[in-house]
Amino acid sequence: MSQKIRVAMLGQQFMGRAHSNAFRQVGPFCSPPLLPELHTVAGRDGASLTEFAARFGWANTTTDWRTAVVDPEVDLVDVATPNFLHREPSVAALEAGKHVLCEKPLAGSFEDARAMRDAAAAAAGRTFVWFNYRRCPAVATAWKLAREGRLGRIYHVRATYLQNWGGPQTPMSWRFDRELAGSGAHGDLNAHLIDLARFLVGEPITEIHGATSRRWVESRLDGATGERRPTSVDDALLFTAGFAGGAVGSFEASRLANPHQNANSIELNGELGSVRFDFEDMNLLHFCDASDGAREGGWRRIMCTHAGEHPYVEHWWPDAHLIGYEHTFTNMVSDVLRSLVGEEPVVPLCDFADAFETQRVLEAALRAVDERRAVMLDEVS
Ligand code: SOE
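This one's a predicted model, so the numbers in the text were calculated from it and none came from an experiment.

1. Let's talk about the UniProt feature "domain: Gfo/Idh/MocA-like oxidoreductase N-terminal" (unreviewed entry) in the chain
Phase 1: Cross-referencing UniProt, the feature "domain: Gfo/Idh/MocA-like oxidoreductase N-terminal" (unreviewed entry) maps to residues 5–127 in the present numbering.
Phase 2: Counted over residues 5–127, helix gives 46% and strand 22%. Its end C-alpha atoms are 15 Å apart.

2. Here we look at the packing of aromatic side chains
Phase 1: In this structure the tally under the stated criterion is 17 aromatic pairs.
Phase 2: Ring plane angle 5° and centroid distance 4.7 Å describe the contact between F239 and F251, whose orientation is recorded as stacked. Of the two residues, F239 is situated in strand β11 (residues 236–243) and F251 in strand β12 (residues 248–254); the sequence distance between them amounts to twelve residues. For the pair formed by F239 and F251, the shared burial category is buried.
Phase 3: Counting every residue linked through ring pairs, the aromatic cluster contains F14, F23, W58, W130, Y133, Y161, F279, Y325 and F329.
Phase 4: Taking NZ or CZ as reference, R117 lies 4.2 Å from the ring centre of F356, over its face.
Phase 5: Its end group placed over the ring of W299, R276 keeps NZ or CZ at 4.7 Å from the ring centre.

3. Remarks on the UniProt feature "domain: GFO/IDH/MocA-like oxidoreductase" (unreviewed entry) in the chain
Phase 1: UniProt feature "domain: GFO/IDH/MocA-like oxidoreductase" (unreviewed entry): in the numbering of this structure it lies at residues 140–276.
Phase 2: Annotated as 21% helix and 38% strand, the span residues 140–276 places its first and last C-alpha atoms 12 Å apart.

4. Quick notes on the layout of surface pockets
Phase 1: In this structure, the largest pocket occupies an estimated 960 Å³ of space.
Phase 2: Along its surface, the largest pocket is lined by 42 residues, and Q13, A80, T81, P82 and W174 are the ones closest to its centre.
Phase 3: Broken down by secondary-structure element, the contributors of at least two residues to the lining of the largest pocket are α1 (14–30), α8 (185–201) and α10 (325–340).
Phase 4: Here the element with the most residues in the lining of the largest pocket is α8; it accounts for three residues.
Phase 5: For the lining of the largest pocket, the residue count by class is 19 nonpolar, 15 polar and eight charged.
Phase 6: Elements supplying a minimum of two residues to the lining of the second largest pocket: α5 (110–122), α7 (178–181), α8 and α11 (352–371).
Phase 7: In terms of residue class, the lining of the second largest pocket is built from eight nonpolar, seven polar and four charged.

5. Section: the site of the ligand
Phase 1: Near the ligand you find F14, K104, Y133, Y161, Q163, W165, R175, D188, L189, H192, N262 and Y325, and these make up its full shell.
Phase 2: For the ligand, an oxygen atom lies 2.9 Å from a polar atom in the side chain of K104.
Phase 3: Contact distances for the ligand include 2.5 Å between an oxygen atom and a side-chain N or O atom of D188.
Phase 4: When the ligand sits alone it has 310 Å² of accessible area, and the protein chains cover 90% of it.
Phase 5: With respect to the pocket detection grid, the ligand is positioned in the largest pocket.
Phase 6: Per-element accounting of the shell around the ligand gives the leading share, three residues, to α8.
Phase 7: In terms of residue class, the shell around the ligand is built from six nonpolar, three polar and three charged.

6. Digging into the nonpolar core
Phase 1: Counting residues in each nonpolar core, the largest one holds 113 residues, and the members touching the most others are W58, I208, F239 and F251.
Phase 2: The residues touching F239, leaving out its near neighbours within four places in the chain, are H186, N190, I194, I208, H209, G210, A211, G249, S250, F251, V361 and A365.

Criteria and thresholds
- Starting from 1, residues in each chain are numbered consecutively following that chain's sequence as written.
- Reporting in this predicted model follows two pLDDT cut-offs: at least 70 for local features of residues, and 80 or more for side-chain atom pairs to be given and counted; totals over whole chains, interfaces and linings ignore these cut-offs and use all residues.
- Side-chain calculation: all heavy atoms of the structure are included, whereas hydrogens and water are not.
- UniProt positions are given in the numbering used here, feature names are shortened, and annotations may be inferred rather than shown by experiment.
- Counting from the N terminus, the helices are DSSP H or I runs at least four residues long and the strands are E runs at least two residues long.
- Paired rings are identified among Phe, Tyr and Trp, the last through its six-membered ring, by centres lying within 6.5 Å, and are further divided according to the angle between planes into stacked (under 30 degrees), edge-to-face (over 60) and tilted (the rest).
- Three exposure classes are used, based on accessible area relative to the maximum for each residue type with a 1.4 Å probe and protein chains only: buried under 20%, partly exposed in between, and exposed over 50%.
- Working rule: Lys NZ or Arg CZ, within 6 Å of ring centre, within 35 degrees of ring normal, means a charge sits over the ring.
- Both site types are read off a 1 Å grid over the protein atoms alone. A 1.4 Å probe that fits but cannot get out defines a cavity, while an open set with protein on both sides within 12 Å along at least five of seven lines defines a pocket; lining residues have an atom within 4 Å of a point.
- Grid points are joined across faces, edges and corners, and a volume is the space filled by probe spheres set on the points.
- Residues are grouped as follows: Ala, Val, Leu, Ile, Met, Phe, Trp, Tyr, Cys and Pro are nonpolar; Asp, Glu, Lys and Arg are charged; all remaining types, including Gly, are polar.
- Distances are taken per atom, and a residue is near a molecule or strand as soon as one of its heavy atoms is within 4 Å of it.
- Definition of a polar contact: a pair of N or O atoms within 3.5 Å, with one able to donate and the other able to accept a hydrogen when the atoms are protein atoms, and with sequence-neighbouring residues admitted only if both atoms are side-chain atoms.
- Using a 1.4 Å probe, accessible areas were evaluated by the Shrake-Rupley method; residue-level cover was limited to the displayed protein chains.
- A molecule is said to be in a cavity or pocket once over half of its atoms fall within 2 Å of that pocket's grid points.
- Working definition of a nonpolar core: buried Ala, Val, Leu, Ile, Met, Phe, Trp, Tyr and Cys residues. They are joined through side-chain atoms within 4.5 Å.
- Contact between two residues is taken to exist if any of their heavy atoms lie within 4.5 Å; hydrogens are not considered.

Structure (structure tokens):
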């Protein structure tokens, strides 16, 4: 019988649903050493919270997150709130001795991210950030190939995260307000790309060059007031980067990139091999082995659906059956629970210190845009 870990989750929107589902699925599918108990969900709107809790199986609700994060019955706090509301609850939970799981990016502002990193360094509890795409079997396979030396020295990284939901018809929300979100497509989407690039290459990004951003939609309808409100974030932000080992990288995030839906894609070209992943075909990894030579060389299409060969597949269906977005969150909870009892996660987890390194890159790119110059990462600490 696995021991329980009692969870309080803050937030009941999209990520609240994704995380709740993961906490519920992890037991039956992944047989973790600890079983999450859905203790308390906190949210601002009491009426919808009751319905949410009943739907996902949370035992208690509260509209006061402060009580939830210090509740002595809670072991782990999951922060699934908008970016401006990551710092306060995370720090309070760490000070109360809890483990903290926080939604990406680590924070909206660099200052908040720094405070969170420092609080984590001083705390007894463990920290984790929901960079869920590391746990697609195809991405984890790419990571293993890179670690086994199959790519050799990495020369190029090409990363694009393209979505199409950010047109003028999309109403105002916290995501379009720089005070609340920190940035737009950049913090939302480039955060994933930077995390994946750092994770796969295994080297820090040391310099940012050639950054530019655009905001095409200047105001949006506020559903609550019926009036238009000004937006203050980027709709797209592109930059180029250099890695410590000499690789170069290009990064593109856009919310107005028809016809892409959730095209989170990354390609690494190395001396010995290349990999390419696109979330819109998430079970597939393209791999090129340079030793195949000119006659037979090219991309191999690897369906990452074989237990024992491809990470995480053994949790799910018989070989060759596909998995989806929600599984990446469950795979992550499985690794978090294993890590909490001292077991190795299938691929490395991201803690606040690691997510802070991604936040430094986000911040450096913002400065590069604002100041129209190259920014070295050692300027950003
Ligand atoms: C919206 O752009 C969003 O939901 C992001 O916030 C997520 O992190 C990404 O995984 C999917 O798109």
